[in-house]
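Examination of the molecular architecture
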Amino acid sequence: MTAIVSRLAAPAPGWTARADVVVAGSGVAGLTAALAARRAGRVLLVTKALMGAGSTRWAQGGIAAALGPGDSPQQHLRDTLEAGGGLCDKAATRLLVAEGPAAVRRLMALGARFDTAEDGALALTREGGHLRPRIAHAGGDATGAEVSRALIAALKVAADADPGIEIIEHALVLDLLPGTSGRGSSRRGTCGRGTGGRLAGLTLHVMGEGQRDGVGAVHARAVVLATGGLGQIYTATTNPGVSTGDGVALALRAGADVTDLEFVQFHPTVLWLGPGRRGRQQLVSEAVRGEGAFLVDEAGTRFMAGRHPLADLAPRDVVVRAIMIQMAATGADHVYLDGRHLGHRTWERRFPTILASCRRHGIDPVREPVPVVPAAHYASGGVRTDMWGRTSVPGLYACGEVACTGVHGANRLASNSLLEGLVFAERIGEDIASGLPPWRDPAPDDRPQGLVSPDVRSELQRVMSGRAGAARDGSGLQSAADDLRRLRRQTPGQPCTEAWEATNLHLVASALVAAAAQREETRGSHWRQDFPYHSDAWLGHLVTRFIDGSLRSRFMAGADSAAAGGRQLDSPPGESQPGDGQSGTVNSSEGENERGHV
Ligand SMILES: Cc1cc2nc3c(=O)[nH]c(=O)nc-3n(C[C@H](O)[C@H](O)[C@H](O)COP(=O)(O)OP(=O)(O)OC[C@H]3O[C@@H](n4cnc5c(N)ncnc54)[C@H](O)[C@@H]3O)c2cc1C
């Protein structure tokens, strides 16, 4: 039997670096965290590819914050909670909306230039689920590119002036380094023991030159995971190639709690360019509907009216379900977004990137409806944190899309993710500045090493898209779990980026499928066709942990449990758990206790 990999196989570290804080990832969250963490000590930012390679630079619509006249954090809170399907952590969400406006202003003070109206005030638009115009945007539909540009420039200026900040590109973080648990205790590594654990830094592979080339180790007092999303577990996604769920996978391997993985948001309107498209797909921002475009089917019939009070601007889960139902009813493999009435001036001024991209593919949105289809977009779940970005492993922080702060609940409100990255990365800086954990010596790491073959990647993506995508049911999830188990038996290759990524994708996909199989209800972006309604018994979070080679999950009752603790139950009241009907703990190891989910 092939066990789930406990540690990525890699050569022993051939070089060592040292920093008080090491930040992994250079999107909005990592860049903000690196700037904020300098208050605490020496900062090293490592990132898998070039600095701008993550999702951040692709963000189109903008950043949501109560910045406009007549708007308030209270109204932003109400819309966020409404979209979140009852699972948002209220304290964390309150904090997000309250600190949001100042976070956007700080970003502007750093140099980010947002679009303004004729009177010089910030131009604000609407997106799905927002009852008010509150989305600040840049370059029309190129907000992420501007956010990324401004933050990278600020970090580079800081690094040029300050030897206490260092950046390493093409540096793929492999695993966390367990640390010794202090004076008088055993020298055994404890990083993998969840909340009792300690870490000493991380291991990484650098495609560099000179001394920092190949596998190395960074010894650090705190590690900030800002590695972004996991969209690459699906065949078609808006996410770039670097979004392979590495942070969630390595946090699991380190014993950290991961939660809400079943809530993957599919974006309703991704440019449809024919069947069989793979990899990163072109998004057509919701802001296009915010400006007045609407969805129609092949016959030109508007199908969102009457399905939700906000019609085409309903929250994303509602729109995705409506599109898929409409496609099933008409037998079509896409629908259309009709924005012809916006006119060429609005298209050119507000959506220059989308317009150019459509035209490059021979579609002119000014003259014809744009073919669109849902695709995987955003992970609402991730590494579970408190309101200071702290995970269940002391010294390990997480922010941005890799984290689950609890603010998105079962379905993220549009344009809240850039904001979340800004707000919680700043808070990590503050927390670290108030006291870093002590240095720990690296402890011997006796976790067995392994790899999943890179050859499984495309089949894994097909399995996930077909059976754990926007629409799911119990038997599909069961067969997805069986297939994932089979895929991990394939002969692994040599340690290399493709194999490390495939191993991470496989672990994240396995944990996601297990959580999706357990949650026998429909809520937010988790649509179970065999359980089409909410169940109050499932009002809570599934928390997954990797223990002794197995994925185990427990149910935490109550919406506020993601960030603030909460009651832990063996099983949701009145609900049976898949597999045994009795216990809330699911063991995915291949042995006696196997429940067949992973
Ligand atoms: C097409 C698109 C449009 C979007 N539009 C919006 C929008 O309008 N508004 C909004 O709020 N949100 C939007 N989002 C979501 C938002 O962009 C992301 O959630 C957010 O940018 C994530 O930021 P991040 O810093 O967490 O991750 P990312 O920006 O994805 O950065 C992750 C970083 O981690 C690095 N990394 C990954 N793995 C490793 C590893 N093993 N070792 C080292 N480094 C690693 C990556 O290279 C990258 O630098 C959009 C997303 C997409 C894909």
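Residues numbered from 1 in each chain as written. Predicted model: local features only at pLDDT ≥ 70, side-chain atom pairs only at ≥ 80, totals over all residues.

**What to know about the overall build of the protein**
A tally of helices and strands in the protein yields 14 helices and 26 strands. For the protein, whose C-alpha radius of gyration is 23 Å, the value lies close to the compact-globule estimate of 25 Å for 598 residues. Per-residue burial over the protein gives 59% buried out of 598 residues. Across the protein, contacts joining residues at least 24 apart in sequence account for 74% of those joining residues at least 6 apart. (Helix = DSSP H or I, 4+ residues; strand = E, 2+ residues; numbered from the N terminus. Rg over C-alpha atoms; globule rule 2.2 N^0.38 Å. Buried ≥ 20, exposed ≤ 12 C-beta atoms within 10 Å, placed from the backbone. Contact = placed C-beta atoms within 7 Å.)

**Some details on the sheet that holds strand S4 (residues 63-64)**
In spatial order, the strands read S4-S6-S5; together these three strands make up an open sheet with antiparallel pairing. On the outer flanks of this sheet lie S4 and strand S5 (124-125), each paired with one strand and no other. Across two bridges, the pairing between S5 and strand S6 (residues 135-136) is antiparallel. Paired with Leu 124 across the bridge in S6 is Ala 136. (Pairing = 2+ DSSP bridges.)

**Some thoughts on the pairing of strand S7 (residues 165-168)**
Side-chain positions along a regular strand alternate between the two faces of the sheet. Going residue by residue along S7, you find Ile 165 and Ile 167 tucked away on one face and Glu 166 and Ile 168 left uncovered on the opposite face. Looking at chain direction, strand S3 (residues 43-46) and S7 are connected through four bridges and run parallel. Paired with Leu 45 across the bridge in S7 is Ile 167.

**Some thoughts on the domain arrangement of the protein**
We note that the domain assignment places domain 1 (1-263 + 380-445 + 456-598) and domain 2 (264-377) within the protein. Here the C-alpha centre of domain 2 lies 28 Å away from the C-alpha centre of domain 1. The interface of domain 1 with domain 2 comprises 33 residues on the first partner and 35 residues on the second. (Domains from an automatic or database assignment.)

**What about the packing of helix H12 (residues 474-487) against helix H13 (residues 497-518)?**
Any two packed helices are characterised by the angle at which their axes cross and by the distance between the axes. For the pair H12 and H13, interaxial distance at closest approach is 9 Å and the crossing angle is 155°. On the basis of their axis angle, the class for H12 and H13 is roughly antiparallel. As H12 packs across H13, the resulting crossing turns out to be left-handed. The segment H12 lies against H13, with Gly 474, Leu 477, Gln 478, Ala 480, Ala 481, Leu 484 and Leu 487 engaging His 506, Ala 509, Ser 510, Val 513, Ala 514, Ala 516 and Ala 517. (Axes fitted to C-alpha atoms, helices over the stretch in contact; angles between N-to-C directions. Parallel < 35°, antiparallel > 145°, perpendicular 65-115°, else oblique. Left-handed = near helix turned anticlockwise from the far one by under 90°.)

**Topic: the environment of Leu 505**
Relative to the elements of secondary structure, Leu 505 occurs in helix H13. With 26 C-beta atoms packed within 10 Å, Leu 505 lands in the buried category. On a C-alpha basis, the gap between Leu 505 and Gly 208 in space is 25 Å, while along the polypeptide they are 297 residues apart. Not counting chain neighbours up to four residues away, the residues in contact with Leu 505 comprise Gln 232, Ile 233, Thr 244, Gly 245, Arg 457 and Leu 460.

**Things to note about the site of the ligand**
Taken together, 45 residues sit near the ligand, with Gly 25, Gly 27, Gly 54, Gly 228 and Gly 400 positioned nearest. Those elements giving two or more residues to the shell around the ligand turn out to be helix H1 (28-37), helix H4 (143-161), strand S8 (171-178) and helix H10 (416-433). Here the shell around the ligand takes four residues from H10, the largest share from any one element. Grouping the amino acids of the shell around the ligand by side-chain chemistry returns 18 nonpolar, 24 polar and three charged. (Near = placed C-beta within 6 Å. Nonpolar A, V, L, I, M, F, W, Y, C, P; charged D, E, K, R; others polar.)

**Re the packing of H1 against H4**
At a minimum axis distance of 10 Å, the contact between H1 and H4 shows a crossing angle of 30°. One finds that H1 runs roughly parallel with respect to H4. Of the two elements, H1 crosses H4, and the hand of that crossing is left-handed. Packed against H1, whose contacting residues are Val 28, Leu 31, Thr 32, Ala 34 and Leu 35, the element H4 presents Val 147, Leu 151, Ile 152, Ala 154, Leu 155 and Ala 158 at the interface. Here the contact of H1 with H4 is composed, by residue class, of 10 nonpolar, one polar and no charged.

**With respect to the pairing of S3**
Both faces of S3 are covered, namely the face carrying Val 43 and Leu 45 and the face carrying Leu 44 and Val 46. Pairing analysis gives four bridges linking strand S2 (residues 16-24) to S3, with the strands arranged parallel. When the sheet's bridge partners are listed, Val 21 is paired in S3 with Val 43. For the handedness criterion, the β-α-β arrangement of S2, H1 and S3 is classed as right-handed. (Right-handed = clockwise from strand over helix to strand, strands pointing away.)

**Re H10**
For H10, which comprises 18 residues, the first-to-last C-alpha distance of 26 Å matches the rise-based estimate of 26 Å (1.5 Å per residue) to within 8%. In terms of burial, H10 is a largely internal element, 16 of the 18 residues being buried. Once H10 finishes, Gly 435 follows within two positions and takes phi at roughly 155°, a positive value. (Expected span 1.5 Å × (residues − 1).)

**Here we look at helix H2 (residues 73-83)**
Burial in H2 covers these residues: His 76, Leu 77, Asp 79, Thr 80, Leu 81 and Ala 83. Those residues of H2 that are buried are in contact with S4, helix H3 (90-110) and H10. Two residues or fewer past H2, Gly 85 is found with a positive phi of approximately 60°.

**Quick notes on unusual backbone geometry**
Positive phi, close to 50°, is recorded for His 170, a residue that is not glycine. Within the secondary structure, His 170 is located in the loop between S7 and S8. With phi around 45°, Ala 311 is a residue other than glycine that occupies positive phi space.

**Remarks on the confidence of the model for the protein**
Residues at a pLDDT of 70 or more form 91% of the protein, whose mean pLDDT is 90. Taken together, the stretch residues 183-196 has pLDDT below 50 and engages in 35 contacts with residues farther than four places along the chain or on a different chain. Low pLDDT, under 50, characterises residues 563-598; the stretch is placed with 98 contacts to residues that sit more than four places away or in other chains. (pLDDT = per-residue confidence, 0-100.)

**Quick word on the environment of Ala 443**
Tracing the chain through its elements places Ala 443 in the loop between H10 and strand S21 (449-450). Ala 443 sits in the buried class, given 20 other C-beta atoms within 10 Å. For the pair Ala 443 and Ala 200, spaced 243 residues apart in sequence, the C-alpha to C-alpha distance is 8.0 Å.

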